[in-house]
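# A structural walkthrough
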Amino acid sequence: MDINVVNALTYEDFVKLFGNVVEKCPLIPAAIWSHLPFKDLADVEAHIREFIHSLPDSGKEGVLRCHPDLAGLDLQSGTLTRESQEEQSQAGMTTLDSAESLQMYTLNTEYKERFGFPFVICARLNSKADIVRQLSERLKNDRAAERERAVEEVTKICSLRLRNIFLSDIQTKL
Ligand SMILES: NC(=O)N[C@H]1NC(=O)NC1=O
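From a predicted model like this one, the values you see are computed outputs, not experimental measurements. Sequence positions are assigned chain by chain, starting from 1 and proceeding in written order. Two thresholds apply to this predicted model, a pLDDT of at least 70 for residue-level local features and 80 or more for giving and counting side-chain atom pairs, whereas whole-chain, interface and lining totals are computed over all residues. The side-chain quantities take in all heavy atoms of the structure and omit both hydrogens and water.

## Overview of the overall build of the protein
Test applied: Per the convention used, a helix needs a DSSP run of H or I reaching at least four residues, while a strand needs a run of E reaching at least two, with both numbered from the N terminus. As defined in this context, the radius of gyration uses C-alpha atoms, and a globule is described by 2.2 Å times the residue total to the power 0.38. Throughout, exposure labels follow a simple rule: accessible area from a 1.4 Å probe, protein chains only, divided by the maximum for the residue type, with under 20% read as buried, over 50% as exposed, and the rest as partly exposed. Here, residues are in contact when the closest pair of their heavy atoms is within 4.5 Å. Note on areas: Shrake-Rupley with a 1.4 Å probe; residue coverage comes only from the protein chains shown. In this count, Lys and Arg are taken as positive residues and Asp and Glu as negative ones, while His and the chain termini are left out. A charged residue contributes its charge at one atom only: NZ of Lys, CZ of Arg, CG of Asp or CD of Glu.
Counting its regular elements, the protein contains ten helices and zero strands. Ordered by position from N to C terminus, the α and β elements of the protein give α-α-α-α-α-α-α-α-α-α. For 174 residues, the compact-globule estimate of 2.2 N^0.38 gives 16 Å, and the C-alpha radius of gyration of the protein, at 17 Å, lies within 12% of that figure. Counting across all 174 residues of the protein, residues that qualify as buried make up 47%. The contacts of the protein with a sequence gap of at least 6 include a subset with a gap of at least 24, amounting to 70%. Taken as a whole, the protein presents about 8600 Å² of accessible surface, with 54% of it coming from carbon and sulfur. Counting 21 positive and 27 negative side-chain charges, the protein places the averaged centre of each group 2 Å from the other.

Laid out in structure tokens, this is it:
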């Protein structure tokens with residue numbers, strides 16, 4: 001998709017197209033709409049990054065709380081967004097055996113009790129083993145460091161979702 005096509009979109013179509021590049025946060029494309037026209041994909045990405053990093057800590061944690069648990073209730077009940085379903089599936093989260101499911105549940109619960117937001121990681125860039133290892137490791141961080149670490153993962157997820165949109169035929173997305 002050409003950036004000129006993006007720059008010519010109505011506000012409504014822009015938010016429809018980019019509404020889930022950050023999971024369940026259509027506020028973010030609605031906010032960066034103010035910066036139109038964009039130079040290229042990297043420019044869109046930079047504005048999203050800048051917006052997220054400019055949020056107060058409570059806003060960053062709010063963005064994190066919009067993410068579903070990995071291998072959590074939404075996955076079990078089939079209520080994940082299309083993007084999250086694909087990502088979790090790619091990381092092997094849809095084919096865990098019962099011991100692995102229990103381990104993910106236990107670690108996710110411990111993480112949320114410690115930090116007050118869910119564990120977020122770019123599933124596309126990590127295997128099942130990486131995810132379990134990083135979940136255990138990151139539990140040792142303090143809250144401020146972990147908030148920033150998790151926000152970095154949100155920007156990685158966003159970057160891959162944006163790339164998918166730019167590679168696709170716009171008509172299939174609107
Ligand atoms: N909790 C969490 O990391 N969720 C996600 N990660 C990812 O790549 N897609 C998600 O929905």
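Moving on, there is more to tell.
## Observations regarding the site of the ligand
The criterion, for reference: In these notes, residues near a molecule or strand are those with any non-hydrogen atom within 4 Å of it. Polar here means any residue other than Ala, Val, Leu, Ile, Met, Phe, Trp, Tyr, Cys and Pro, which are nonpolar, and Asp, Glu, Lys and Arg, which are charged; Gly is therefore polar.
Taken together, Pro68, Leu70, Ser84, Glu87, Phe119, Val120, Ile121, Cys122, Ala123 and Ile157 make up the full set of residues near the ligand. Within the complex, the protein chains bury 100% of what would otherwise be the 290 Å² of accessible surface of the ligand. Split by residue class, the shell around the ligand holds eight nonpolar, one polar and one charged.

## Describing the pattern of salt bridges
This is how it is decided: Criterion for a salt bridge: a side-chain nitrogen of Lys or Arg within 4 Å of a carboxyl oxygen of Asp or Glu.
In total, this model carries 18 salt bridges according to the counting rule given. A salt bridge links Lys60 to Glu148; the shortest N-O distance between them is 3.3 Å. Residue Lys60 is located in helix 5 (residues 57-65), and its partner Glu148 is located in helix 10 (residues 143-167); the two are separated by 88 residues in the primary sequence. For Lys60, a relative accessible area of 7% puts it in the buried group. With relative accessibility at 31%, the residue Glu148 sits in the partly exposed group. Of the charged contacts in the structure, one is a salt bridge between Glu86 and Arg82, with a shortest N-O distance of 3.6 Å. One end of the pair, Glu86, and the other, Arg82, are both in helix 7 (residues 82-90), four residues apart, so they sit about a helical turn from each other. The exposure class assigned to Glu86 is partly exposed, which follows from its relative accessible area of 35%. On the basis of relative accessibility, which here comes to 48%, the residue Arg82 falls in the partly exposed class.

## Side note on the UniProt feature "domain: Oxo-4-hydroxy-4-carboxy-5-ureidoimidazoline decarboxylase" (unreviewed entry) in the protein
The following threshold applies: UniProt positions are given in the numbering used here, feature names are shortened, and annotations may be inferred rather than shown by experiment.
UniProt's feature table lists "domain: Oxo-4-hydroxy-4-carboxy-5-ureidoimidazoline decarboxylase" (unreviewed entry) at residues 7-163, given in the numbering used throughout. Helix makes up 65% of residues 7-163 and strand 0%, with an end-to-end C-alpha separation of 16 Å.

## Concerning the domain arrangement of the protein
Interface size is commonly expressed as the accessible area that is lost once the parts come together. Which entries qualify depends on this criterion: Here the limits of each domain have been adopted from an automatic or database domain assignment. Two N or O atoms count as a polar contact when they lie within 3.5 Å, although within protein this holds only if one can serve as hydrogen donor and the other as acceptor, and sequence-adjacent residues are included solely when both atoms are side-chain atoms.
Per the domain assignment, the segments making up the protein are domain 1 (3-61 + 164-172) and domain 2 (68-151). A C-alpha centroid distance of 24 Å is found between domain 1 and domain 2. Residue-level contacts link nine residues of domain 1 with eleven residues of domain 2. For the pair domain 1 and domain 2, the interface holds four salt bridges. With its nearest N and O atoms 2.9 Å apart, the salt bridge here joins Glu61 to Arg147. Seen at the junction of domain 1 and domain 2, the total is seven residue pairs in polar contact (both at pLDDT 80 or more). Those elements that place two or more of their residues in the side of domain 1 that touches domain 2 are helix 4 (41-54) and helix 5.

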